[in-house]
Amino acid sequence: MYLTPQHILLAGATGLTGEHLLDRLLAEPTVKRVLAPTRRPLAEHAHLENPVGPLLPLLADLQGPVDIAFSCLGTTIKQAGSQEAFREVDHTLIVAYAQRALELGARHFLLISAIDADPQSSVFYNRVKGETEEALRAQGWPQLTIARPSLLIGDRVEARLAERIAGPLSKLIPGKYHGIEALQLARALWRLALEEQDGVRVVESDELRRLGK
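Everything quoted here is computed from the prediction, not taken from an experiment. (Residues numbered from 1 in each chain as written. Predicted model: local features only at pLDDT ≥ 70, side-chain atom pairs only at ≥ 80, totals over all residues. Heavy atoms only, no water.)

(A) Structural detail: the overall build of the protein chain. In terms of helices and strands, the protein chain carries 8 helices and 9 strands. A buried classification covers 49% of the 213 residues belonging to the protein chain. Summarising the internal contacts of the protein chain: among those between residues at least 6 apart in sequence, 70% fall at separations of at least 24. Split by element, the accessible area of the protein chain, about 10,300 Å² in all, is 53% carbon and sulfur. (Helix = DSSP H or I, 4+ residues; strand = E, 2+ residues; numbered from the N terminus. Buried < 20%, exposed > 50% of the residue type's maximum accessible area, 1.4 Å probe, protein only. Contact = heavy atoms within 4.5 Å. Areas by Shrake-Rupley, 256 points an atom, 1.4 Å probe, with all protein chains shown as cover.)

What follows is the structure, given as structure tokens:
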């Protein structure tokens, strides 16, 4: 069954995938309102509501209705400065944001997680991603979609050296570890948002590439 969501909440709209997703949402004729809190102002649009500031303090001021919520939030340990700061963004902030989206009436939450996310992983990054997925499952969402992309490929405002090197190589790897273009991921997320089903769906990178064609 397919939905026509009209009121959308988007966090991470200034990120690599979030920018593509925002463009897609604002171009959709069925979308009446995109609520996109960001740290820096976005270009104005008739259907865009853009509270500006750190996300956590803004959560209480966000107002519904909301049909669907997307999380394109994420950082790296290097950018965050420490493992603790990384966890604050990729776990604490995302979980608080999801809870607020649920309070605003969202039925469906779509999360950009990461390939090999696992709360039992010995790799800190993968473990935090897995713990975040676990926490969202515990919130009792009617519909929860977890996207696990491989290495994201695209032009960031702040280029990450490792990604610039690994990006071309990741295109040679078969299966779910094959790199995925951020635009492909954004397309896949929107397509997944239009599908109505109950429960949790985990979508690995190879399927995301297929959905984003």
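Still to come is the rest of the account.
(B) Expanded view of the packing of helix α1 (residues 16-27) against helix α7 (residues 182-193). For the pair α1 and α7, interaxial distance at closest approach is 8 Å and the crossing angle is 50°. As the angle between them shows, α1 and α7 are arranged oblique. In this structure, α1 meets α7 at a crossing whose hand is right-handed. Residue-level contacts link Leu 16, Thr 17, His 20, Leu 21, Arg 24 and Leu 25 of α1 to Ala 182, Leu 183, Leu 185, Ala 186, Arg 187, Leu 189 and Trp 190 of α7. Residue classes in the contact of α1 with α7 are distributed as 9 nonpolar, 2 polar and 2 charged. (Axes fitted to C-alpha atoms, helices over the stretch in contact; angles between N-to-C directions. Parallel < 35°, antiparallel > 145°, perpendicular 65-115°, else oblique. Left-handed = near helix turned anticlockwise from the far one by under 90°. Nonpolar A, V, L, I, M, F, W, Y, C, P; charged D, E, K, R; others polar.)

(C) Quick look at the environment of Ser 71. Positionally, Ser 71 belongs in strand β4 (residues 68-71). The sequence separation of Ser 71 and Phe 109 amounts to 38 residues, and the corresponding C-alpha distance is 7.8 Å.

(D) Layout of the packing of aromatic side chains. Per the stated rule, a full pass over the model turns up 4 aromatic pairs. Ring centres 5.9 Å apart and planes at 55° place the aromatic pair Phe 86 and Phe 124 in the tilted group. Of this pair, Phe 86 sits in helix α4 (residues 83-103) while Phe 124 sits in helix α5 (residues 124-138), and the two are 38 residues apart along the sequence. Taking the relative accessible area as the measure of exposure, Phe 86 reaches 0% and is therefore buried. On the basis of an interplanar angle of 35° and a centroid distance of 5.5 Å, the ring pair of Phe 86 and Tyr 125 is categorised as tilted. Taken together, the residues Phe 86 in helix α4 and Tyr 125 in helix α5 connect sequence positions 39 residues apart. Residue classification places Tyr 125 among the partly exposed residues on the basis of a relative accessible area of 31%. One aromatic cluster is present, formed by Phe 86, Phe 124 and Tyr 125 through successive ring pairs. (Phe/Tyr/Trp six-rings, centres within 6.5 Å; stacked < 30°, edge-to-face > 60°.)

(E) Seen up close, the environment of Glu 181. You can see Glu 181 is positioned in strand β8 (residues 180-181). Measuring from C-alpha to C-alpha, the distance between Glu 181 and Ile 153 comes to 4.6 Å, with 28 residues separating the pair along the chain.

(F) Highlighting the side chain of Gln 184. One can find Gln 184 in helix α7. Judged by relative accessible area, which is 19%, Gln 184 ranks as buried. In this structure, Gln 184 is in contact with Leu 208, Arg 209, Gly 212 and Lys 213, ignoring residues within four places of it in sequence.

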